[in-house]
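Survey of secondary and tertiary structure
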Amino acid sequence: MVIFFVVLFARLYFAYQTPYLENEGYLVQRYVENIVDTGKPLFYDTLSYNGREALYSPIYHYILAFFSLILGLSLTLKLIPSIFISLLVFVVYGLSKKIINNDTLALFIALMSGFIPIIFAGTLINASIYTLIIPLTFYLLYLFIDIDKDKQIGRFVVFSLLLAAVHPSSMLFSLGLITYYLLSVSENFKISKLKEELIVFNVFSTFFIQFVIFKKAFLSYGLSVIWNNVPIQIISSYFELDLIGLIYRVGALSLLFGLWGIIGGIVKKKDKLFLISGFIVSILLLLWLRLIDPRIGLSFLSIALITSSVLTLNDLLSYIQKTKIPSHRMAFIILTFSLFGLSLAVPSFYFASQHISQNIPSDYEMLILDWVNKNSLPDVTILAPLGKGHIITAVAGKRNVIDNNFLFAPDTSQRFEDIDKIYSTKSESEALKLIQKYNVDYVFIPIETELQYGKVRWTDDTSCFEGLFFGTPKVYKVNC
Amino acid sequence: MEHQKYIKLIAKIAILLLAASFLLLPGIIREENTLIGDKPYHHLSLADKELNFSSIKNELSFGWSFILRYISVKTALFVLGLASALLLFLNLEMMKLNQRLLAAGLFVLSPAFIYMFNVGDKVGIAFAVSLIISYLIIKERYKTSIPLFILLPFLDVLISIFVLIAAGLYFIYLKTSKSLFYYVLLLFILGISLFGEWNFEFISDLGAFIGISVFALVFALFCFILLWREFLPLYGILLIMILLSLKFEFGIFYLSAFISILLSLCISKVYDRKWESELIRNLTILFIFCGLLFSGISYANRLSQEMPNESLFKALEILPEGSVVFSDIGYGNWIKYSGKESVWDTSGFLDKAKERELNSIIDSKDAFITRQILSKYKVDYVLIDSNLMEKWNERGIFYLLDYDYKGFRQIYDQDGVIIWRHFK
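Parameters at a glance
- Residues numbered from 1 in each chain as written.
- Chains lettered and ligands numbered in written order.
- Predicted model: local features only at pLDDT ≥ 70, side-chain atom pairs only at ≥ 80, totals over all residues.
- Contact = placed C-beta atoms within 7 Å.
- Helix = DSSP H or I, 4+ residues; strand = E, 2+ residues; numbered from the N terminus.
- Nonpolar A, V, L, I, M, F, W, Y, C, P; charged D, E, K, R; others polar.
- Pairing = 2+ DSSP bridges.
- Axes fitted to C-alpha atoms, helices over the stretch in contact; angles between N-to-C directions.
- Buried ≥ 20, exposed ≤ 12 C-beta atoms within 10 Å, placed from the backbone.
- Parallel < 35°, antiparallel > 145°, perpendicular 65-115°, else oblique.
- Left-handed = near helix turned anticlockwise from the far one by under 90°.
- Domains from an automatic or database assignment.

Tallying the contact residues gives 20 residues for chain A and 17 residues for chain B. A total of 12 residues in the side of chain A that touches chain B trace back to one element, the largest contributor, which is helix 11 (residues 193–213) of chain A. Partitioned by chemical class, the residues of the side of chain A that touches chain B number 14 nonpolar, 3 polar and 3 charged.

Put into structure tokens, the structure is as follows:
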């Protein structure tokens, strides 16, 4: 319980450094607001992409809407996701204990799981659905790892259905189970009949629920639905995995110890490690095939690695006991554990502060968007780069041209290319042609865009573009 | 004995009721009072004409059009649908009653069945006749089956070739050596691979207009892992059927029927296996059924929203008989059915050069070239509806229709359908 509160308070400390949310957080905010206001999910979004159909499972948003009735929306969007993800420490503790049956080590790993940089910083202020998905997925692994009682089966069924109904990431869990089965078969390792049955149940139920929810997407995109209609320009950069960045974000020692634990588990034919290995292999496979957003894949991977690293730490402790340096045992343990902790906590705090300073809209930005909200017609369209789409719709309350909710959005690749062209071109006529194509009334130029493309030249024509704000960001009204 | 007879009768009635409900479902939920798709209109416009053997195009497989002279499409499809479900049930005499019932039920739920007997395509009747042939062969009433073998090419040439080959293979398997059977089978597989074009869109849940259920396929694959030793020959046939479906559209209908049989065997095996948890067994079977049912219902819903709509025929009614209308290639059969001439050849034999030329009009903003092509094909009218507005969004033809006052004049604009008069 202490570990849970430590992790929760650390998260809340960073989350409350700013009153605002990250871009993605504003999409969640709008979905939740709509449920609170109308009782219904927002399946047709009039503001996103100038009006488009939205296809998603609203369960998570209903949960947040329920809490927002008690706590208020702004508190809910920061507190509830933080509580959800902090619950992961209990799950990791349970999993670790099942693997090595060592209370102290399990507690240590549970504490560390709360400070994995990629999860700590990545789910801090965006009310991400993954704050619910990640603990749920690992809870299912925890239930599955040595399932034998009716009560556990009932829980597995309920949470398996819940996970499938909340998010398509549930397919990752099913894929992990299939890989676990294949790994076991290939290593001539007998898994229990009950586990086989649960795998079959999970695969079919998840598959069915996903098809029911995303029927329209499957019909429209076919198998390409797995790429989520992400613009090709973004997909091509999906696996530009920078190794140093990976080590920082997952934690150097957890990566090393985790992989060592997996290899050890497979060599020693430990069933529990086979399961986690199956999960890791399926994530790596999806990452390699560019079928999953690297941020999401690495988040799941990091938890799986930190859980398997418990075996390495346990083996290390037993080994030291057998060596001739038992007098230095304590010093060695303290050193290892401190290094392990530092490799996670320091990058976590560093990335969290960096994340807040870089990804959160500034006070001035919010002021401008608030001004646009109050001083322009309700149906105007604001051109903004991809990373600002949800802020435009939620704070300014106006239509955007693009945002990162790609599934079922129209011509995502074309729009991505056109927006890139608008900001980078020196030709006013080319920019105007595209501005008219998307019925743009206001052009929003944040500092990130200016740093990427340089000064937007065509805004110099004051007869066509009336400057409203000239700081960072700049806003122009289109008069042509 | 008496008791068993009653059970069989109830089983047959159950199949007929299930089939009837899925035959009526798309019609009930369809808002338009028109037939689904363009195929039935092709056959109906042929049914109105006198038979003429001067050209090979229209007379190939004229049997269905001939029948439609005397029976309405909807009645014919309903009767054929019921008959096919029952015939499949009767064909499976070697299986247990519950497996036969399940197989026929699963077939009725399949998107292929819903397509065959809700869209007035010729394939429905050809499929039903092929089931009668197979029933007669199983019952060893070979002579009775001969007239049907002769009739089949008039309904669908490709299906008749397939049935002939399948019957041949059956006889070779029964009467001669096994090695000859495998040689002929290999030859058949080679033949499939060589002819026709590959089409990998054969799963209806993933967007194919005619396809099989994704749940059926996934469950069949799952059963392969579980029961491959027992059902290896059946999976061999499944593979050949999939290959056939990737090459020929009609293969999908036979694949669906075969998968239904395979699934019925698998489900009964899976259900009868000893499970550690009964809860898991029941839930898994429930999800499989829900998946198969979902595929069928969602396909019926999709089919019910298919073109054409009444407003299209209402618009075509105002045009003089025999006038030539230019529209999308998919609209040819509807234009012909309403007594006008379409620039597109709707018999399925496409003239690639003509197609290229006519398609170039859609993109062109050059009034001279567009008018020249339209005049070449004696086009009197251009028809565009809301679907085409979306499909041809912002393409050249709209520019000309709006601004070339000398070449075009709008004469009709109602319920989303617009017609322009073309001045030659």
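Residues and elements named next belong to chain B. Reading across the sheet, the 5 strands line up as 2-1-3-5-4 and stay open at both edges, with mixed pairing between neighbours. Because the sheet does not close on itself, it has two edges, and the strands there are strand 2 (341–342) and strand 4 (408–414). By the bridge criterion, 2 bridges tie strand 1 (residues 324–326) to strand 3 (residues 381–384) in an arrangement that is parallel. By the bridge assignment for strand 3, valine 325 is matched with tyrosine 381. The sheet strands contacting helix 16 (residues 310–317) are strand 3, strand 4 and strand 5 (417–422), and the helix crosses strand 5 at an angle near 25°.

What follows deals with the environment of B:Phe181. All names here are of chain B. With respect to the helices and strands, phenylalanine 181 occurs in helix 11 (residues 178–194). Under the C-beta neighbour-count criterion, phenylalanine 181 is labelled partly exposed, with 18 such atoms within 10 Å. Residues phenylalanine 181 and isoleucine 10, 171 residues apart in the sequence, show an inter-C-alpha distance of 39 Å. In contact with phenylalanine 181, not counting residues within four places along its chain, are Leu169, Ile172 and Tyr173.

Residues and elements named next belong to chain A. Where helix 6 (residues 103–113) meets helix 17 (residues 294–322), the axes come as close as 10 Å, and the angle between the chain directions of the two elements is 150°. In this view, helix 6 runs roughly antiparallel relative to helix 17, as classed from their interaxial angle. Where helix 6 crosses over helix 17, the two elements pack in a sense that is right-handed. Together, Leu105, Ala106, Ile109, Met112 and Ser113 of helix 6 and Ile303, Ile306, Thr307, Val310, Leu313 and Asn314 of helix 17 make up the contact between the two elements. A per-class count over the contact of helix 6 with helix 17 returns 8 nonpolar, 3 polar and no charged.

Reports of interface size often rely on the accessible area that becomes lost once the parts have come together. Residues and elements named next belong to chain A. The domains assigned to chain A are domain 1 (2–359) and domain 2 (363–478). Between domain 1 and domain 2, the C-alpha centre-to-centre distance is 35 Å. Counting from both sides, the interface comprises 22 residues of domain 1 and, opposite them, 28 residues of domain 2. Secondary-structure elements contributing two or more residues to the side of domain 1 that touches domain 2 are helix 2 (23–38), strand 2 (52–53) and helix 13 (232–235).

What follows is about the sheet that holds strand 3 (residues 381–383) of chain A. All names here are of chain A. Pairing in this open sheet of 5 strands is mixed, and the strands run 4-3-5-7-6 from one edge to the other. At either margin of the open sheet sits one strand with a lone partner, and together these are strand 4 (399–400) and strand 6 (465–469). Looking at chain direction, strand 5 (residues 442–445) and strand 7 (residues 474–478) are connected through 4 bridges and run antiparallel. Pairing of valine 443 across the sheet is with tyrosine 476, part of strand 7.

Looking along a regular strand, one sees the side chains alternate between the two faces of the sheet. All names here are of chain B. Taken together, the 6 bridges between strand 4 and strand 5 define a ladder with antiparallel strand orientation. Residue arginine 409 lies in a different strand from strand 5, and its bridge partner there is arginine 421. Two successive antiparallel strands, strand 4 and strand 5, enclose a turn made up of 2 residues, where aspartate 415 displays a positive phi of approximately 50°.

Right, let's get into unusual backbone geometry. Omega for the bond connecting A:Thr472 with A:Pro473 falls within 30 degrees of zero, at 10°, which places this linkage in the cis form. As for its placement among the helices and strands, A:Pro473 is situated in the loop between strand 6 and strand 7. A cis geometry characterises the amide bond from B:Met307 onward to B:Pro308, with omega recorded as 0°. For B:Pro308, the position within the fold is in the loop between helix 15 (278–304) and helix 16.

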